[in-house]
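Here's the letter readout for the chains.
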Amino acid sequence: MSNGLFISFEGIDGSGKSTQAKMLVETLRAEGFDVIHTREPGGSVGAEEIRALVLQGDPDRWSAETEIMLFTAARRDHMEKTILPAIEAGKIVVCDRFADSTRMYQGISRGDLRATVDTLHDLMIGREPDVTILIDMDPAAGLARAKSRNTVEERFEDFGVDLQQQMRDGFLALAAQYPNRIKTIDGARDIDSVAADITATIKDHL
Ligand code: ADP
Ligand code: TYD
């Protein structure tokens, strides 16, 4: 085993993952750690190309099953090219979303496909982060934050509050299922309070 650390951030759209991942990376770098900041879908050249395929264009372009394969293909490339080499070199990897997002978004949004997601994950990825920060918050508030960003990538935010509520419940159920890996942080507070909790949680793993 290498001594690197693989950290993922999860949560509904607008919960503050990107903001907090960036702050954690800055905090860890300031303390002298070698940190790779990455995201999904994306994080390698090939996976960034797949990101454009899944997050832009007609929202009905792909079936849920096709999407599972596209997100998993992107993740496989990201693992091979970015995440595993960094962990093997002893670095800390901070990743904005990982497989739990596929378990929630593709696994529950259009029928119950969770078993398919998990089967493909076992076959093609076969690894979880060492620690996952789940930023939990009310979906209506998260959605209002996400919408204020106004980017071309709106695909899943457009599913609306009901689906985001299901995602929130699903993420909390995952956290209950994997309490050693997934640490839930209350995201409905000011940015610095959330960041302080996250830093304290990660320090336990260093
Ligand atoms: P995510 O990556 O989870 O979708 P972001 O980090 O992009 O979320 O945050 C969404 C929006 O909300 C951004 O405009 C960000 O500046 C803002 N934001 C993030 N965290 C907070 C917070 N704790 N309080 C208020 N606004 C926040
Ligand atoms: P992201 O850029 O993290 O969006 P946000 O900052 O709004 O949280 O992710 C883009 C979208 O991709 C987001 O709506 C969630 C979705 N997604 C999936 O549906 N499945 C996945 O496996 C991943 C990683 C993301």
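Residues numbered from 1 in each chain as written. Chains lettered and ligands numbered in written order. Predicted model: local features only at pLDDT ≥ 70, side-chain atom pairs only at ≥ 80, totals over all residues. Heavy atoms only, no water.

(A) Main features of the pattern of salt bridges. Tallied over the entire structure, the rule returns 18 salt bridges. Between Glu80 and Arg76 there is a salt bridge, with the nearest N and O atoms lying 2.7 Å from each other. Taken as a pair, Glu80 and Arg76 lie in helix α3 (residues 64-88) at a separation of four residues, close to a single helical turn. Take Glu80: its relative accessible area is 41%, and that puts it in the partly exposed class. What makes Arg76 partly exposed here is its relative accessible area of 36%. Between Asp77 and Lys81 there is a salt bridge whose closest N-O contact spans 2.6 Å. Of this pair, Asp77 and Lys81 both sit in helix α3, four residues apart, which is roughly one turn of the helix. What makes Asp77 buried here is its relative accessible area of 15%. Look at Lys81 and you get exposed, because its relative accessible area is 52%. Through salt bridges with shared partners, one network takes in Asp100, Arg103, Arg114, Asp118, Glu128 and Arg181. (Salt bridge = Lys/Arg side-chain N within 4 Å of Asp/Glu carboxyl O. Helix = DSSP H or I, 4+ residues; strand = E, 2+ residues; numbered from the N terminus. Buried < 20%, exposed > 50% of the residue type's maximum accessible area, 1.4 Å probe, protein only.)

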